[in-house]
Amino acid sequence: MVTVDELFAIDSLLSDEEKDIRDTVRAFGAERLRPNVAEWFEAGTFPVREIAPELGKLGLLGMHLEGYGCAGTSATAYGLACMEVEAVDSGVRSLVSVQGSLAMTAMHKYGSEEQKQRWLPEMAAGRVIGCFGLTEPDFGSNPGGMRTRAKRDGDDWILDGSKMWITNGSVADVAIVWAQTLEGEKQVIRGFVVPTDTPGFSAREMHHKLSLRASITAELSLDGVRLPADAMLPNGRGLSAPLGCLSEARFGIIFGALGAARDCLSATIDYAKTREVFDKPLAAYQLTQAKLADMAVELGKGQLLALHLGRLKDRGELRGEQVSAGKLNSTREAIAIARECRTILGANGITLEYPVLRHANNLESVLTYEGTAEVHQLVLGEALTGSKAFR
Ligand code: FAD
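Basis of the calculations
One numbering rule holds for all chains: residues counted from 1, following each sequence as written. A pLDDT threshold of at least 70 governs which residues receive local features in this predicted model, and a stricter bar of 80 or more applies before side-chain atom pairs are shown or counted, although totals over entire chains, interfaces and linings include all residues. In computing side-chain properties, one takes all heavy atoms of the structure into account and sets aside hydrogens as well as water. UniProt positions are given in the numbering used here, feature names are shortened, and annotations may be inferred rather than shown by experiment. Here a cavity means grid points, on a 1 Å grid over the protein atoms only, where a 1.4 Å probe fits yet cannot get out; a pocket means an open set of points with protein on both sides within 12 Å along at least five of seven lines; lining residues are those with an atom within 4 Å of a point. Grid points are joined across faces, edges and corners, and a volume is the space filled by probe spheres set on the points. Helix and strand definitions follow DSSP, with helices as H or I runs of at least four residues and strands as E runs of at least two, each counted in order from the N terminus. In this count, Pro and Cys sit with the nonpolar residues alongside Ala, Val, Leu, Ile, Met, Phe, Trp and Tyr, while Asp, Glu, Lys and Arg are called charged and the others, Gly among them, polar. The source of the domain bounds is an automatic or database domain assignment.

For the chain, the name recorded in an unreviewed UniProt entry is Acyl-CoA dehydrogenase family protein, with Nocardia huaxiensis as its organism. The record in UniProt for the chain states the following under Catalytic activity (unreviewed entry): "a 2,3-saturated acyl-CoA + A = a 2,3-dehydroacyl-CoA + AH2". Taken directly from UniProt, the Cofactor (unreviewed entry) text for the chain runs: "FAD".

Encoded structure:
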């Protein structure tokens, strides 16, 4: 018997250091996260304050950023770590992505030296939690239309508006908030570093989610939030600034979503080998084997694509439409695998005793955030035809 990794000889494509990182994160997931994850999911909560410092100690927060206490690994190693974390739960990987690829990356790419020195080392250690506020109630796929405004008052900035669906919003110490500013007559999007204890900032946790339940999601309200002049990220101007961060988070998802799919498939193979129907194991029926074979092939192809994109990124050659192709493929195939696995588990598949429906439900969010599947189809459509079809 072989695993999907063995079938596709994945290890032969990894360096010793990459395998070490993967194995370390896998062991952490097995010991520290897996025993509790179903309970967190059921309760609709996640102990961010307790787990983030442990993720920090492992070097997972801002993992492929250089300096400021960050681990500075390759992008591929970061992707492999995301895969292992998401094999436990997409909610935990969301914490890693939002902290490292969104909030920390915004400061690392666009922040002043003072902003980087003040925030990044503590965030890399997981002692300070960050969130990233781009989406608004009326602007998700089209954030360029955002209504949140930052106006000058002397040297200060005053922020007014609201943000929705913000991961870790209600537990964060610092929020990166994107807002429209006026430069002359022109509206320009800028990022602001907002300590969450600033008067006028409030966050309300969103409940009743059926997906990413082991992750905190919040609505942010900015009501006359007064910030000093140096709260603005000086080196990111326009919508391309937040999109540059999203591209980093999408890269992690290319690997991460496949971790969730792998966990579904391995739990399902174990189940099918022991579950007997009509006097023999489910795994010994041709229909079951056809499903398992098709899923293994999609998972293996997805991993090969992810590794290829990781190598391109490490060479500084990865383009936006390639990230879109990877995010679209990984999330679409992962959710298809999770749902197919659920059929093999029958009624047992709908419980939290097995990970498959939890992963499938989580992947509904992963398919939607960081650019919906349709938005990535449009990015690819534009790259293939030269015609923009967004509006
Ligand atoms: P809409 O933009 O309203 O899209 C609805 C549907 O219309 C989708 O199917 C979409 O593909 C389709 N559509 C949109 N435009 C087009 C078009 N031009 N042509 C054809 N179809 C189109 N945001 C943050 O800023 N920070 C976070 O930390 C964060 N965390 C999140 C956590 C969770 C659990 C979730 C669910 C979301 C999170 N988001 C976050 C928000 C997420 O990025 C948005 O939900 C996403 O961008 C989609 O926006 P929307 O939900 O408003 O959907």
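Draft legend 1. The layout of surface pockets, seen in detail. The computed volume of the largest pocket comes to approximately 1400 Å³. Looking at the largest pocket, it is lined by 47 residues, and the ones nearest its centre are Gly140, Ser141, Pro143, Leu246 and Gly371. Contributing elements (two or more residues each) for the lining of the largest pocket: α5 (90-110), β3 (156-167), α7 (240-274), α9 (320-345), α10 (356-368) and α11 (373-385). Here the lining of the largest pocket takes five residues from α11, the largest share from any one element. When the residues that make up the lining of the largest pocket are grouped by side-chain class, the tally is 21 nonpolar, 18 polar and eight charged. For the lining of the largest pocket, the domains that each give at least three residues are domain 2 (131-237) and domain 3 (241-385). Lining the second largest pocket are 24 residues, and of these Val2, Thr3, Val4, Ser266 and Ile269 lie nearest its centre. Contributing elements (two or more residues each) for the lining of the second largest pocket: α1 (4-7), α2 (16-43), α7 and α8 (286-314). Of the residues belonging to the lining of the second largest pocket, the class tally is 11 nonpolar, three polar and 10 charged. A domain-level breakdown of the lining of the second largest pocket finds at least three residues from each of domain 1 (4-129) and domain 3 (241-385).

Draft legend 2. Focus on the UniProt feature "domain: Acyl-CoA dehydrogenase/oxidase N-terminal" (unreviewed entry) in the chain. Those places that UniProt annotates as "domain: Acyl-CoA dehydrogenase/oxidase N-terminal" (unreviewed entry) correspond, in this numbering, to residues 15-126. In residues 15-126, the share of helix is 76% and the share of strand is 0%. The end C-alpha atoms are 27 Å apart.

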